[in-house]
Each structure stands twice: as C-alpha cells, then as structure tokens.
Amino acid sequence: MSAGAGEGPIPIPIRVGRPRADRLRPRSDRPPREELLCAAAELFTAHGYAATTTRAVAERAGMRQATMYHYFGGKEDLLAELLESTVAPSLVLARRLLADTGRPAARRLWELCRSDVLLLCGGPYDLGALYLLPEVAGARFGRFRRMRGELKDAYRMLLDGTGARAELAGDGSALALRNDLVFGLIEGVMLIHRADPQRPVTVFAEATADAALRIAGAAGRPDTP
C-alpha cells in the first residue's frame, strides 16, 4: 500500500539495533528497551507470535513483566517496532536515491536492492517472516504498511527511470507487475538465505540486486558509481 495522496513523507523512527541471540540474559549492556526488542525478535521467530506471552518476553529480557509495560504497551507494540525496523533504513536510502537524479536510475535501483537485502538478511532472525502474520493487517500496523508502501513506490519510480516503461510501450499495468516481481524478489530472499545461511551476505546481496535488474529489464549491472 502507498501513503495516501496529499500526505507528506512518513517520518522515519529511530532504528533499533539488530536483534541478536546471546546468553540467557538477565544482564547485558543494552538499554532495557532494546533488550526487550531483542527478546521479542528471538521468541516471535522461534516460537511464533501467538504462542509468545509478554511474560515470556520480559523474562527472556531479564526483567519483570510490569517493568516491560513501562517501555511497551504489549505484544503489538513490540511487533510494530520490529516490523518498522526492517523498512525504515531502506526508506531513508530510497528517499535519498530518488533525489539523486544525477546518476542513472538503474544504478540507484541496484544500490537500493543491495542495501535492502543486506538489511533483511544481515541479522540472526528472520523478521521478514513476521510480515505474513494475520495480525499485521490490523490497525496497529498501519504505519508499517504505509512505510512499506512508500518503499515499494520508490522501487517503482526508480524502475520507471530505467526506461522500463518505454520498453513496455507505456503499459502502466505491465510496469506495476514488473515492480511487484522486483519487490517480491527482494522481500523473498530471506527464504533463500535461510536455506544456506553460511553464504556470505554481501555476495548474496549483490547477486540478488543483479537478478533484480534483469527482471527490471536493465542490461547488466551499471558501473557508474
């Protein structure tokens, strides 16, 4: 989905650190809020969102449940922030790339694809799997859906700038389909990465960006920096 017409750009939240598994804490050098997000990411992806209680998240983070509610109102707030953290950095980059009109659109699209894959596959948890939760359709996650929609629109604008529209004879529906394929490839790479997590993420990200350009119809990886 895209942001509604007339709305300004969606403000970007401060990105939380990438969750990582470590010892059964109760203590670490992370701030309590980030500790809770790390615990939630681990439990949501390992045991499922529905099966995870706020008590379990608090205990995994090494604090009491009542303390957790000082930072988050409940599971939905934790999930919303985790989801937004998978989109926010890419959205910041996408806005910058769209404004950088002095460089070829194909090169900028390649950079966005590569960066997005590094973000999605660079952590220990498959947070992208949380996109499929039925709860994400609820009102609490509207901000995440708008952010993701703006990011998808940025992909489409960069794709359009590669000359794909001309190749498709101005067929807007065909361009939208091609963008769906590119965006779907980027978001779907987590499944491929999970099958072989030892594959270097940088190599994987660049290969995926190359494949995205082929889907887009661009001729090979642009060399212009």
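The structure under discussion appears in the preceding block.
Scope of this entry: the structure provided in the associated data block. (Residues numbered from 1 in each chain as written. Predicted model: local features only at pLDDT ≥ 70, side-chain atom pairs only at ≥ 80, totals over all residues. Heavy atoms only, no water.)

1. So, the pattern of salt bridges
Oppositely charged side chains are able to pair whenever their charged atoms sit close together.
Then step 1. Throughout the structure, instances matching the rule amount to 13 salt bridges.
Then step 2. Between R114 and E206 there is a salt bridge whose closest N-O contact spans 3.3 Å. Of this pair, R114 sits in helix α6 (residues 105–121) while E206 is found in helix α9 (residues 201–216), placing the two residues 92 residues apart along the sequence.
Then step 3. For R114, a relative accessible area of 25% corresponds to the partly exposed category.
Then step 4. We classify E206 as partly exposed; its relative accessible area is 24%.
Then step 5. Where K152 meets D180, a salt bridge forms, and the shortest distance between an N and an O atom there is 2.7 Å. Residue K152 is located in helix α7 (residues 142–167), and its partner D180 is located in helix α8 (residues 172–195); the two are separated by 28 residues in the primary sequence. (Salt bridge = Lys/Arg side-chain N within 4 Å of Asp/Glu carboxyl O. Helix = DSSP H or I, 4+ residues; strand = E, 2+ residues; numbered from the N terminus. Buried < 20%, exposed > 50% of the residue type's maximum accessible area, 1.4 Å probe, protein only.)

2. Details of the side chain of T86
Then step 1. On the secondary structure map, T86 appears in the loop between α4 (75–85) and α5 (88–99).
Then step 2. On the basis of relative accessible area, T86 is assigned to the buried category, the value being 3%.
Then step 3. Within the structure, the side chain of T86 is placed 2.6 Å from the backbone oxygen of L83, a separation counted as a polar contact.
Then step 4. Within the structure, T86 has its side chain in polar contact with the side chain of Y131 (distance 2.7 Å).
Then step 5. If we skip the residues at most four places from it in the chain, T86 touches L119, L120, L127, Y131 and F144. (Polar contact = N/O pair within 3.5 Å; in protein donor to acceptor, adjacent residues only side chain to side chain. Contact = heavy atoms within 4.5 Å.)

3. Quick word on the environment of N179
Then step 1. Assignment of secondary structure puts N179 in helix α8.
Then step 2. Sequence separation between N179 and L159 is 20 residues, and the spatial gap between their C-alpha atoms is 7.1 Å.
Then step 3. With near-sequence residues (within four places) excluded, N179 lies in contact with K152, Y155, R156 and L159.

None of this, on its own, says anything about what the molecule does.
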